[in-house]
Amino acid sequence: MSERDRERQLLRAALGPTAECPPFDELASPDASEKVKQHLAKCLHCRAEVEMLARFESAEPQPAESADMAWIEAELARRAPVTAARPKTAGERIREWFGWLPFPAGRTGFALAGVVLALLVAVGVSLRLSSVGQHPTTDQPVVFRSGRFAALAPAGDLTTAPSQFHWENVPGAASYHVRLLEVDGTEVWSVDSASASVEIPIAMAAQLIAGRAFQWDVAARDNAGHTISTTNLQTFHILATPR
Amino acid sequence: MNGFMGLMRDEELVARYLAQPGSPEADACLNELFQRYRGKVALWCLRLAGDREAAADLAQEILLKAFRSIASFRGEAKFSTWLYTISRNHCFKELKARAAAAESSGDAAAIEVADQSPNPLAQLESASSAQMVRELIASALSEVETRVMTLHFVDELPLDNITRLLQLDNTSGAKAYIVSAKRKLNRAAEAWRSRGQRVQK
């Protein structure tokens, strides 16, 4: 290793996080414990992180930045508003479907819309029953369960990095796709498994740094590779120091 | 409704949103929340990215990411801390990727050219080197130098981005701080070694 590489490595080790560093939210909490405050007083890395947070929270545009900021804000407003990305709720879908009908707004309108929906469902069911025995006309996957199954472990606070993911078995599932995510949704690792558990490779487990939280979820897939059910996001947190 | 929401804490707005997602009140809570932070996220992105088009893209990605994962916000931290973490991680990751794609690792070369001094820091040996360097940094460097070194060596941010993020207004920006910090550290390491040799004699 060259001198410069060694120097870089030393600086990274000296300025980077250590095993004693508490989770960032504890560091940044106004109610930080005395122990966390003492750590903060002597840890270069944690001090730098907290200072960056303060910089983020208190930042105000300089006069030279005002024009760019106005442009960015206008651009963000012009682009699809953030709520447009949210999946529509049942209420919104009903409003969307029946908005053209001359129903009054409010509960009465929803009640009337509900009656119309019930009638449409009844007609749909009777048509479907009349076609029992016929082959399906579509090769779309049958999502037999829109509900969810449970991601069992790891979950909650852990004292050591987990070695395995474990979840509920889904009848009819041919494989499972497991994703490990940062808390901001960035995918760290993913893997496919034929059974309801999977080992975490040692190299991957080494990246599950103490003091940080991670999330994971599982998608059950059928023989054709179509997702038939998913778990909720499960969260686990490896404690920096065992409590 | 907005006047009333303007008085609510961020965490209350999230809790109200999560209690009834999809309701008009929940949407209003979400709008209020993003209204409060859109400017901060945008400014953070502008200072890091350096141009408004890239900043708008980054800010949009961050707000979308925050929105999509808002259910994971458990109220254990402040909302601003949670959003900062997303902003920080997303921007740092994107900027590192862009720097790698542009092969703009000329930063290291620029520092080397500017700093041809001997390098006693790299000659420190023993398992406690990192702790020793920590002590040298704490005693020899200013807060700004430490901040610049952390962003460069730990977060691997390009020098230009560090200059803008920390609003460094000297001529050479972050590069000058790193060169100066390394000289100070090397002097401190040399002094420490000399002291050790004297003690051994």
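Note that the structure is predicted; figures quoted are calculated from it, not measured.

A.B. asks: Help me understand the packing of helix 3 (residues 24–49) of chain B against helix 5 (residues 79–101) of chain B, please; the structure alone is not making it clear to me.
C.D. replies: The axes of two packed helices give the description: the angle between them and the distance between them. Residue and element names in this part refer to chain B. It is the contact of helix 3 with helix 5, at a shortest axis distance of 11 Å, that shows an interaxial angle of 25°. In terms of orientation, helix 3 lies roughly parallel with respect to helix 5. The handedness of the crossing between helix 3 and helix 5 comes out as right-handed. On helix 5, the residues touching Tyr37, Val41, Trp44, Cys45 and Leu48 of helix 3 are Leu83, Ser87, Cys91 and Leu95. Tallied by class, the residues present in the contact of helix 3 with helix 5 amount to 8 nonpolar, 1 polar and no charged.

A.B. asks: Before we go on, may I ask you to explain helix 8 (residues 143–154) of chain B in this structure?
C.D. replies: Note that an α-helix has 3.6 residues per turn; residues three or four places apart therefore point the same way. All names here are of chain B. Helix length check: helix 8 (12 residues) gives 16 Å between terminal C-alpha atoms against 16 Å at 1.5 Å per residue, within 8%. Burial of helix 8 is extensive: 9 of the 12 residues sit out of reach of the surface. Among all positions of helix 8, only Glu145, Thr146, Arg147, Val148, Met149, Thr150, Leu151, His152 and Phe153 are buried. Downstream of helix 8 by one or two residues, Glu156 has phi in the positive range, about 55°.

A.B. asks: In this structure, what is going on with unusual backbone geometry? I would like to understand it.
C.D. replies: Glycine aside, residues mostly have negative phi, and peptide bonds are mostly found in the trans state. In this structure, the amide linkage connecting Ala153(A) to the following residue, Pro154(A), adopts the cis form with an omega of 10°. With respect to the helices and strands, Pro154(A) occurs in the loop between strand 2 (151–153) and strand 3 (156–158). Within the chain, Glu156(B) stands out as a residue other than glycine whose phi angle is a positive 55°. Looking at the secondary structure, you find Glu156(B) in the loop between helix 8 and helix 9 (159–165). The phi dihedral of Gln167(B) is positive, around 55°, even though this residue is not glycine.

A.B. asks: Is there a simple way to explain the sheet that holds strand 2 of chain A in this structure?
C.D. replies: Hydrogen bonding along the main chain pairs the strands of a sheet, whether they run parallel or antiparallel. Residues and elements named next belong to chain A. Strand order across the open sheet formed by 3 strands is 2-4-7, with antiparallel pairing between neighbours. In this open sheet, the two edge strands, each paired with only one partner strand, are strand 2 and strand 7 (197–199). When the angles between neighbouring strand axes are averaged without regard to direction, this sheet yields 25°. Strand direction decides the pairing type here: strand 4 (residues 164–167) and strand 7, joined by 3 bridges, are antiparallel. Bridging across to strand 7, His166 finds its partner in Ser197.

A.B. asks: Explain the nonpolar core here, please?
C.D. replies: Across soluble globular proteins, nonpolar side chains show a tendency to be buried alongside one another. Judged by nonpolar contacts, the single largest core of 65 residues is most densely connected at Val41(B), Ala42(B), Cys45(B), Ala55(B), Ala59(B) and Val148(B). For Val148(B), the contacting residues outside a window of four places in its chain are Ile162(B), Leu166(B), Ala174(B), Tyr177(B), Ile178(B) and Ala181(B). Membership of the second largest hydrophobic core comes to 16 residues, among which are Ala151(A), Trp167(A), Ala173(A) and Phe214(A).

A.B. asks: What am I meant to see in the interface of chain B and chain A here?
C.D. replies: How big an interface is tends to be stated in terms of accessible area lost as the parts join. Each side of the interface is counted separately: chain B has 52 residues, and chain A has 49 residues. For the side of chain B that touches chain A, the elements supplying multiple residues, two or more each, are helix 3, helix 4 (52–68), helix 5, helix 7 (129–140) and helix 8 of chain B. For the side of chain B that touches chain A, the residue count by class is 26 nonpolar, 15 polar and 11 charged.

A.B. asks: Please clarify how the confidence of the model for chain A should be interpreted in this entry.
C.D. replies: For any part of a model where pLDDT is low, the fine detail of the predicted coordinates should not be relied upon. Residues and elements named next belong to chain A. Across chain A, the average pLDDT comes to 74, with 70% of residues at 70 or higher. Summarising per-element confidence for chain A, the mean pLDDT is lowest in helix 6 (residues 90–98) (45) and highest in strand 4 (91). pLDDT under 50 marks residues 82–107. Its contacts with residues more than four places away, or in other chains, come to 24 contacts. Under a pLDDT of 50 for its full length, residues 127–147 has, in the predicted model, 9 contacts with residues more than four places off or in other chains.

Thresholds applied
- Residues numbered from 1 in each chain as written.
- Chains lettered and ligands numbered in written order.
- Predicted model: local features only at pLDDT ≥ 70, side-chain atom pairs only at ≥ 80, totals over all residues.
- Axes fitted to C-alpha atoms, helices over the stretch in contact; angles between N-to-C directions.
- Helix = DSSP H or I, 4+ residues; strand = E, 2+ residues; numbered from the N terminus.
- Parallel < 35°, antiparallel > 145°, perpendicular 65-115°, else oblique.
- Left-handed = near helix turned anticlockwise from the far one by under 90°.
- Contact = placed C-beta atoms within 7 Å.
- Nonpolar A, V, L, I, M, F, W, Y, C, P; charged D, E, K, R; others polar.
- Expected span 1.5 Å × (residues − 1).
- Buried ≥ 20, exposed ≤ 12 C-beta atoms within 10 Å, placed from the backbone.
- Pairing = 2+ DSSP bridges.
- Core = buried A, V, L, I, M, F, W, Y, C linked by C-beta atoms within 7 Å.
- pLDDT = per-residue confidence, 0-100.

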